[in-house]
Amino acid sequence: MTSTLHHIAAPSDKLPRRFYDRPALAVARDLLGKHLVLDAPGGRRAARIVEVEAYVGEYDLACHAAKGRTARTEVLFGPPGHAYVYLIYGMHHCFNVVASREGRAAAVLVRGVEPLEGLPPKSRTDGPGRLCDALGITLSHNRMDLLGDQLFLLDAPRVPAAAVARGPRIGVDYAKEWAHKPYRLWIRGHPHVSRSPSRPPAPLPARGA
DNA sequence: CTATTGATGGTC
DNA sequence: ACCATCAATAGG
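Here the structure is a predicted model, which is why all the values come from computation and not from measurement. (Residues numbered from 1 in each chain as written. Chains lettered and ligands numbered in written order. Predicted model: local features only at pLDDT ≥ 70, side-chain atom pairs only at ≥ 80, totals over all residues. Heavy atoms only, no water.)

J.: Is there a simple way to think about the overall build of chain A in this case?
T.: The number of helices and strands found in chain A is four helices and eight strands. Each helix and strand of chain A, ordered N terminal to C terminal, gives the series α-α-β-β-α-β-β-β-α-β-β-β. Looking at the 209 residues of chain A, the share that counts as buried comes to 47%. A separation of at least 24 residues holds for 61% of the contacts in chain A among residues at least 6 apart in sequence. As displayed, chain A has an accessible area near 11,300 Å², and 57% of this comes from carbon and sulfur atoms. (Helix = DSSP H or I, 4+ residues; strand = E, 2+ residues; numbered from the N terminus. Buried < 20%, exposed > 50% of the residue type's maximum accessible area, 1.4 Å probe, protein only. Contact = heavy atoms within 4.5 Å. Areas by Shrake-Rupley, 256 points an atom, 1.4 Å probe, with all protein chains shown as cover.)

J.: What is the right way to look at the environment of Ala161 in this model?
T.: Position of Ala161 relative to the elements: it lies in the loop between β6 (151-154) and β7 (164-167). In this structure Ala161 comes out as exposed when scored by relative accessible area, which is 60%. Measuring from C-alpha to C-alpha, the distance between Ala161 and Arg29 comes to 9.3 Å, with 132 residues separating the pair along the chain.

J.: Explain the protein's contact with DNA strand C to me, please; I cannot follow it from the model alone.
T.: Of all residues adjacent to DNA strand C, which total 18 residues, the nearest are His64, Asn96, Arg130, Gly171 and Tyr174. In the interface set of DNA strand C, defined as its atoms within 4 Å of the protein, sugar plus phosphate atoms amount to 60%. In this structure, a phosphate oxygen belonging to DNA strand C sits 2.9 Å away from a main-chain N or O atom of Gly129. Contact distances for DNA strand C include 2.3 Å between a phosphate oxygen and a side-chain N or O atom of Arg130. Breaking the surface near DNA strand C down by element, the ones donating at least two residues are β3 (83-88), β4 (92-99), β5 (106-117) and α4 (128-135). At three residues, α4 tops the list of elements feeding residues into the surface near DNA strand C. When the residues that make up the surface near DNA strand C are grouped by side-chain class, the tally is ten nonpolar, six polar and two charged. (Near = heavy atom within 4 Å. Polar contact = N/O pair within 3.5 Å; in protein donor to acceptor, adjacent residues only side chain to side chain. Nonpolar A, V, L, I, M, F, W, Y, C, P; charged D, E, K, R; others polar.)

J.: Just to check I follow, could you spell out helix α2 (residues 24-31) for this structure?
T.: It helps to recall that an α-helix has 3.6 residues per turn; residues three or four apart then point in one direction. Extensive coverage of α2 is indicated by the burial of six of its eight residues. For α2, the full list of buried residues reads Ala24, Val27, Ala28, Arg29, Asp30 and Leu31. Gly33 sits one or two residues past α2 and shows a positive phi near 95°.

J.: So what exactly am I meant to see when it comes to the packing of aromatic side chains here?
T.: For any pair of aromatic rings, the description consists of the separation of the ring centres together with the inter-plane angle of the planes. Summed over all chains, the structure comprises three aromatic pairs. Ring geometry for Tyr59 versus Trp178: centroids 5.8 Å apart, planes at 45°, classification tilted. On the criterion of sequence distance, the pair formed by Tyr59 in the loop between β2 (43-55) and α3 (74-77) and Trp178 in the loop between β7 and β8 (184-187) is long-range, its members being 119 residues apart. What makes Tyr59 exposed here is its relative accessible area of 53%. We note Arg169 situated over the ring of Tyr55; from NZ or CZ to the ring centre the distance is 4.7 Å. (Phe/Tyr/Trp six-rings, centres within 6.5 Å; stacked < 30°, edge-to-face > 60°. Lys NZ or Arg CZ within 6 Å of the ring centre and 35° of its normal.)

J.: Sorry if this is basic, but what is going on with the protein's contact with DNA strand B here?
T.: Neighbouring residues of DNA strand B: Thr70, Arg72, Leu87, Tyr89, Gly90, Met91 and Ser198. Taking Thr70, its side chain carries an N or O atom lying 2.3 Å from a phosphate oxygen of DNA strand B. The contact in question runs from a base nitrogen of DNA strand B to an N or O atom on the backbone of Gly90, over 3.4 Å.

J.: Would you explain the state of the cysteines in this entry?
T.: Where two cysteines share a covalent bond between their sulfur atoms, that bond is called a disulfide. Under the defined criterion, the tally for this structure stands at zero disulfides. Between Cys94, a free cysteine, and Cys132, which holds the nearest cysteine sulfur, the sulfur-to-sulfur gap is 6.3 Å. A residue is classified by how much of its surface remains accessible, and Cys132, at 1% relative accessible area, is buried. (Disulfide = S-S within 2.5 Å.)

J.: Teacher, can you tell me more about the nonpolar core here?
T.: Considering soluble globular proteins, one finds that nonpolar side chains tend to be buried as a cluster. Residues Leu31, Leu76, Phe95 and Leu153 are the most contacted members of the largest nonpolar core, which totals 60 residues. Excluding residues that lie within four positions of it along the chain, Leu76 makes contacts with Cys63, His64, Ala65, Tyr84, Val98, Arg104, Ala105, Ala106 and Ala107. (Core = buried A, V, L, I, M, F, W, Y, C linked by side-chain atoms within 4.5 Å.)

J.: Where do I start with the pattern of salt bridges in this structure?
T.: Side-chain pairs of opposite charge can arise where the charged atoms are in close proximity. In total, this model carries 13 salt bridges according to the counting rule given. For Arg111, the salt bridge identified is with Glu51, shortest N-O distance 3.0 Å. Here the residue Arg111 occupies a position in strand β5, and Glu51 occupies one in strand β2, the gap between them amounting to 60 residues. Where Asp126 meets Arg130, a salt bridge forms, and the shortest distance between an N and an O atom there is 3.3 Å. Residue classification places Asp126 among the buried residues on the basis of a relative accessible area of 9%. In this structure Arg130 comes out as partly exposed when scored by relative accessible area, which is 38%. (Salt bridge = Lys/Arg side-chain N within 4 Å of Asp/Glu carboxyl O.)

Written out as structure tokens, the structure reads:
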């Protein structure tokens, strides 16, 4: 690139390794708004990340790595910027981004995306299982390098702090004190956030109508 | 709207 | 046996 002062990120810039080489909470925060892209012979599928959860380390009882190093969790201990995909309940896939330096085990689960390109028209993309289904993410993507040319993330404008909401992670009640920590982040009011409260009621007709 | 249940397979 | 889910169903 030619700019000698600051570099304005073009929407086609892949997130660099150093983006992922940080604590999971920081990566999670900055993943909001970024673009998740799958390039395959059939074409490109892309979506904007609107909801994530941070799994911050082996000491985090909600993180799969809390079980220690196993065949499944090994990727979490590996270098940052790789995909961690697993099958849950025998039928749904969950897509995570590996964060933190090699030797530490942390990840960010993507829980909601907004369709941008190449998705089946009526597909739902709220919820970790549904978004993997819509994008075509399967176990074949597990351990894939996110700086490769098949599955990667593109830079996009930062979501302002005022638009970021936080709350406890979903479905981790077994994780004792780690269950309530506010490590779920989402874009406030975004329609593709999972488990959103119902839409605000339609405006009432004029009184007396 | 909430609450409950069944599907289904990798992992430990 | 457990599970970072989802769709369908029943009930208020």
